[in-house]
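# Structural overview for review
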Amino acid sequence: MMWVARRLLSSVAQRTGRYAGPPALFRHPRHGCLPDLEPRYLQCTCCWRSRVPVAGFETLNAAISSTSEPCDEDNRSLDACYTSEQRHAILRLLNTATPSELAGVKLLRGRKSVNIVEYRTRNGPFPTLESVVNVPLLKHKSAVTVFNSILNPVKKEKKVKIQLAKFIRPEVDRSWLEDASNIVSLVCGTNKIAWAQVDRGMTVLDWRQVECPNFLRGTYMASAYLNDVSEVVALLPPADFYIIEKSSISVQNTALFPIMAHMRTVEALLFALLEPRNVPPESNIPPRVLNMMRAAVGRHFGLMLGESRTSGAQTVRRLMTESVTQKLPRLRFPQELLLKHRNSFQMGSRRGGEELCDALLQAVAFYELLSESSS
C-alpha cells in the first residue's frame, strides 16, 4: 500500500505540478485567500524522488506583512491606504483645525501647521489625501505619519493643576492678579539679578540681568548688599506686580547655609525696596511684591528631577523659536530681544544665562498657572 501511495503521489505531482491533497490545507489562490507564493518542495523520505510543493514560510510572512502595511510603498495612492471613514476623519481635521490644533499632531509642530492653513486658504479644502502632499514640507512618508497620528493620537498625561495658594505668597485675592496688565519676574543668583517683564498678552517687554559685584564676596557687608540691590531696583520697569523667586534650598544641607543666607538677604531687600511705603494696614490695597515657589515653576515645565530642578535653557530656546515660526506662539519676543539673547542659551555657553532663563519661565508659569486655577 505504501508503494502504491508513493507512486500515485508522484504521478499526480508530475502531471499537475502541485499537491493533490486536502483542499482546505493548500488551496489554490484562485479559489482561496492565499496569494501567489513561491513554490517550495518537501522530499519524500522513503524514495527520495517524489516532491510535495509547499509554501515557504518567509514568502508567506512577506505577503501577509505587505497586505497589513500597504502605506509603506511610496508609489501607492495614499487614499488607497485607508478606509472611507478614516479618510473622512483625516480630511475633516486637516480642513477645519486651527494652527494651534494642528500643532498637536505629530510632525505638524512649527511651519508645517502654518503651511497647511495657508494652502487650504489659497486652494480650498483638501479633496483627497493625495492632495495633502502638495503642501510644502509634507511628502509621502511624513504625510503617512501625520495621517496615522490623527487616527491614533497619543494620549498625553493630564497635568496636575497647582492651586493658586500653593505657588504664590502671600495669599492675595485672585481678582487682583487677574487685573494685572504686566508683571516683572525676578530671579537672584550668586552674583547677579535677572528679570523679565511680560504683559497679559504674553509679550516680553523687557528681559535682562545685572551683575552684582558685592554678592558673596568676602565678609558680609549690609551696606554693600544694599548698594547692589538698590542699583537693580532703580533699573526695573514699573509693573503691577513684582514676582520674586522663592528658592527651595534644603535646610538639612549645612554646606548651603551661606547660599541660603545670601538668597534670603537679597529677597528681603527686594521686598523692602519695591513695596510701597506708608500704606495703612487696613487699606484695601494688594501687596505689590510676591513670592513664587521655584519648584512649582519646575513642575509646570517638567524640569524637576526628583527634588532638584534641571536647566530651563532648552525650554527657553524652544519658546524663542516658536515665537518666529508660529502664528500663535506661546510667548512673543520683540525682534531686538531675540537678536540680543539668541546665543545666550546654547549648549556649553559660558554666558551664564540660567538666571535669565528662570526669570522668563517664572513669568510664563505665573500667567499660565493663574489661568489654569481660574478655569
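The structure we're discussing is the one just above.
Here is a short report on the structure shown in this document. Note that this is a predicted model, so its numbers are computed, not measured.

### Some details on the nonpolar core
Core analysis: the biggest nonpolar cluster contains 42 residues, and Trp207, Met292, Leu331, Phe333 and Phe366 have the highest contact counts within it. With twelve residues, the top contributor of residues to this core is helix α14 (residues 354–374). Those residues in contact with Trp207 that sit more than four places away from it in its chain are Trp195, Ala196, Val316, Met320, Phe333, Leu337, Lys340, His341, Phe345, Leu356 and Leu360. Formed by 24 residues, the second largest nonpolar core is a distinct cluster that contains Tyr82, Leu102, Leu129 and Val146.

### A short note on the packing of aromatic side chains
Applying the stated criterion across every chain yields a total of five aromatic pairs. An angle of 80 degrees between the planes, with centres 6.0 Å apart, marks the rings of Tyr82 and Phe147 as edge-to-face. Here Phe147 lies in helix α6 (residues 140–151) and Tyr82 lies in the loop between α2 (57–68) and α3 (84–96), a separation of 65 residues in the sequence. A residue is classified by how much of its surface remains accessible, and Tyr82, at 7% relative accessible area, is buried. Judged by centre distance (5.5 Å) and plane angle (5 degrees), the ring pair of Tyr119 and Phe126 falls under stacked. Given the relative accessible area of 15%, Tyr119 is considered buried.

### Examining the pattern of salt bridges
All told, the structure shown has eight salt bridges when counted by the stated rule. For Arg208, the salt bridge is made with Asp206, and the minimal N-O distance between the two is 3.4 Å. By relative accessible area, which is 29% here, Arg208 ends up partly exposed. The exposure class of Asp206 is buried, given its relative accessible area of 15%. Residues joined in a network through salt bridges with shared partners are Glu245, Arg294, Arg309 and Asp358.

The rules behind these values
- Residues numbered from 1 in each chain as written.
- Predicted model: local features only at pLDDT ≥ 70, side-chain atom pairs only at ≥ 80, totals over all residues.
- Heavy atoms only, no water.
- Core = buried A, V, L, I, M, F, W, Y, C linked by side-chain atoms within 4.5 Å.
- Buried < 20%, exposed > 50% of the residue type's maximum accessible area, 1.4 Å probe, protein only.
- Helix = DSSP H or I, 4+ residues; strand = E, 2+ residues; numbered from the N terminus.
- Contact = heavy atoms within 4.5 Å.
- Phe/Tyr/Trp six-rings, centres within 6.5 Å; stacked < 30°, edge-to-face > 60°.
- Salt bridge = Lys/Arg side-chain N within 4 Å of Asp/Glu carboxyl O.

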